[in-house]
Amino acid sequence: MNVANALGAALGAVVISAGFGYRAPSMVGAGLAVLGLLIAMITQARAKKVGLLVGRDAIAAHEHTVVD
């Protein structure tokens, strides 16, 4: 998480320094959010492809293995 925060701040500073104005960091942030969502979706699809449990299936499997 710290790397993502630092990267966002650094890229925000770059676009302001490049003369794009103070609204540009919002666009960079939106782009980074879309990129993060895309990476998460690809990772989940690849995990399913190799047979790993993801999402609700992983939670359900974990609940059945927890001993009270």
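Each residue is numbered by its place in its chain's sequence as written, counting from 1. In keeping with the predicted nature of the model, local features appear solely for residues at pLDDT of at least 70, side-chain atom pairs appear and are counted solely at 80 or more, and the whole-chain, interface and lining totals rest on all residues. Excluding hydrogens and water, the side-chain values take into account all heavy atoms of the structure.

> Looking at this structure, I do not really get helix H1 (residues 2-17). What am I missing?
For the α-helix, the turn length of 3.6 residues means that residues three or four positions removed from each other point alike. By definition, any uninterrupted DSSP run of H or I lasting at least four residues is a helix, any uninterrupted run of E lasting at least two residues is a strand, and each is numbered from the N terminus. Take the residue count of a helix, subtract one, and multiply by 1.5 Å to get its expected span. The end-to-end C-alpha distance of H1 is 22 Å, a good match for the 22 Å that 16 residues give at a rise of 1.5 Å each. Following H1 by one or two positions, Gly 19 adopts a phi angle in the positive range, close to 95 degrees.

> Just checking my understanding: could you explain helix H2 (residues 24-49) for this structure?
Taking 1.5 Å per residue, 26 residues should reach 38 Å; H2 reaches 38 Å between its end C-alpha atoms and fits that length. Buried within H2 are the following residues: Ala 24, Val 28 and Ala 47. By definition in these notes, contact holds between two residues if any of their heavy atoms fall within 4.5 Å. Elements in contact with the buried residues of H2: H1. Once H2 ends, the next one or two residues include Gly 51, with phi positive near 95 degrees. Burial classification: accessible surface area is computed with a 1.4 Å probe over protein chains only, and a residue below 20% of its type maximum counts as buried, one above 50% as exposed, and the rest as partly exposed.

> In this structure, what is going on with the packing of H1 against H2? I would like to understand it.
Describing two packed helices takes the angle between their axes plus the distance from one axis to the other. Axis definition: a line fitted to C-alpha atoms, limited for helices to the stretch in contact. Angles are taken between N-to-C directions and run from 0 to 180 degrees. Closest axis-to-axis distance for the H1/H2 pair is 8 Å, and the angle between their directions is 140 degrees. Comparing the axis directions of H1 and H2 gives the class oblique. In terms of crossing hand, the pair formed by H1 and H2 is right-handed. On H2, the residues that touch Gly 8, Leu 11, Gly 12, Val 15 and Ile 16 of H1 are Ala 24, Pro 25, Val 28 and Leu 32. The nonpolar class holds Ala, Val, Leu, Ile, Met, Phe, Trp, Tyr, Cys and Pro. Asp, Glu, Lys and Arg form the charged class, and all remaining residues, Gly among them, are polar. Broken down by class, the residue content of the contact of H1 with H2 amounts to seven nonpolar, two polar and no charged. If an angle is under 35 degrees, it is roughly parallel; if it is over 145, roughly antiparallel; if it lies from 65 to 115, roughly perpendicular; otherwise it is oblique. Each crossing gets its handedness from the near helix: less than a right angle anticlockwise from the far helix is left-handed, clockwise is right-handed.

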